[in-house]
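Below, each chain spelled out in residue letters.
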Amino acid sequence: LLVRDRPMPFVSVALNRDADRGFVTYYGATEADDAELLAHARAVMERIPARHFHTYAGKEHEDLVRVAKARGMTVSLDAWGGRWWEAEAELAHLLAGADIVFANADEACAMTSEADPRRAAERLGELVPVAVLKLGARGALAVAGSDVREVEAEPTEVVDATGAGDCFNAGFLRGWLAGMPLEACLRLGTICGARAVADLGGYRGCPREDELRELAARRGLELPPPQGGRP
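The rules we used
- Residues numbered from 1 in each chain as written.
- Predicted model: local features only at pLDDT ≥ 70, side-chain atom pairs only at ≥ 80, totals over all residues.
- Heavy atoms only, no water.
- Helix = DSSP H or I, 4+ residues; strand = E, 2+ residues; numbered from the N terminus.
- Buried < 20%, exposed > 50% of the residue type's maximum accessible area, 1.4 Å probe, protein only.
- Contact = heavy atoms within 4.5 Å.
- Areas by Shrake-Rupley, 256 points an atom, 1.4 Å probe, with all protein chains shown as cover.
- Axes fitted to C-alpha atoms, helices over the stretch in contact; angles between N-to-C directions.
- Parallel < 35°, antiparallel > 145°, perpendicular 65-115°, else oblique.
- Nonpolar A, V, L, I, M, F, W, Y, C, P; charged D, E, K, R; others polar.
- Pairing = 2+ DSSP bridges.

(A) Expanded view of the overall build of the protein chain. Looking only at helices and strands, the protein chain has eight helices and eight strands in total. Dimensions of the protein chain, computed from the C-alpha atoms along their principal axes, are close to 50 × 40 × 35 Å. Relative to its full complement of 231 residues, the protein chain shows a buried share of 41%. Of the contacts formed within the protein chain by residues at least 6 apart in sequence, a portion of 55% connects residues at least 24 apart. Summed over its atoms, the accessible surface of the protein chain is roughly 12900 Å², and 54% of this surface lies on carbon and sulfur atoms.

Given below as structure tokens:
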């Protein structure tokens, strides 16, 4: 953690309605604040023995991705609604170094200029080893070369959709880093996403390790230890 005894003006409010949510955000950080944060992130990454780096896709994180790859980490990027239609850099350049890219259907279509989400996923799969589309109530699909997998959504009652995508990412990565098959990784993602939306807040409902292991076992999945799997 980087602690500064001064205001860091940033507030984001989630507005929930039915099964979806929107955000109203005020971002008052200065360029100096952003530069300080990125410098701190780089300093941390250069010294910790991490296996994987997850961040948002975009030009501002390119340096951190390079540091991660130089240190032997795998990298995943989340589209997070970035303004792809305004980006000056080519998509292949923005995704360079990524092992996985996560996006929802709208993000994937905006990134690739494809009208069909499945075609958008295939296009992303041509640029990165693994492309994952989060489809909400329609489940999720992933493309890894010629391997295309799709799973249905987990049944749940939506209380607060905030954080569902991030929790999905966590579940998918828990399986992927342990070397589990693509479909199993998708299933772990949908489990975490469904549990997240069933509770208030961004991650309170997301299962911890023991609970995820139990939920996976109910679906015939044996969750390997966190260590091992992919380097």
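From this point on, the discussion continues.
(B) A look at the packing of helix H1 (residues 31–45) against helix H2 (residues 62–70). Where H1 meets H2, the axes come as close as 10 Å, and the angle between the chain directions of the two elements is 5°. Considering their axes alone, H1 and H2 lie roughly parallel with respect to each other. Along the contact surface, H1 presents Leu38, Ala41, Arg42 and Met45, while H2 presents Asp63, Leu64, Val67 and Ala68. Taken together, the residues that form the contact of H1 with H2 break down as six nonpolar, no polar and two charged.

(C) How the structure looks around the sheet that holds strand S4 (residues 74–78). Ordered in space as S3-S4-S5-S6-S7-S8, the six strands form an open sheet in which the pairing is mixed. Bordering the open sheet on either side are strand S3 (52–56) and strand S8 (147–151), each of which pairs with just one other strand. For this sheet, the mean angle separating the axes of adjacent strands, direction not counted, is 15°. Taken together, the five bridges between S3 and S4 define a ladder with parallel strand orientation. Bridge pairing in S4 places Tyr56 opposite Asp78.

(D) Looking closely at the side chain of Arg187. Within the secondary structure layout, Arg187 lies in helix H7 (residues 182–197). The class of Arg187 is buried, set by a relative accessible area of 19%. Excluding anything up to four places from it in sequence, Arg187 contacts Val151, Glu152, Glu154, Arg219 and Leu221.

The quantities given are spatial measurements derived from coordinates; they are silent on function.
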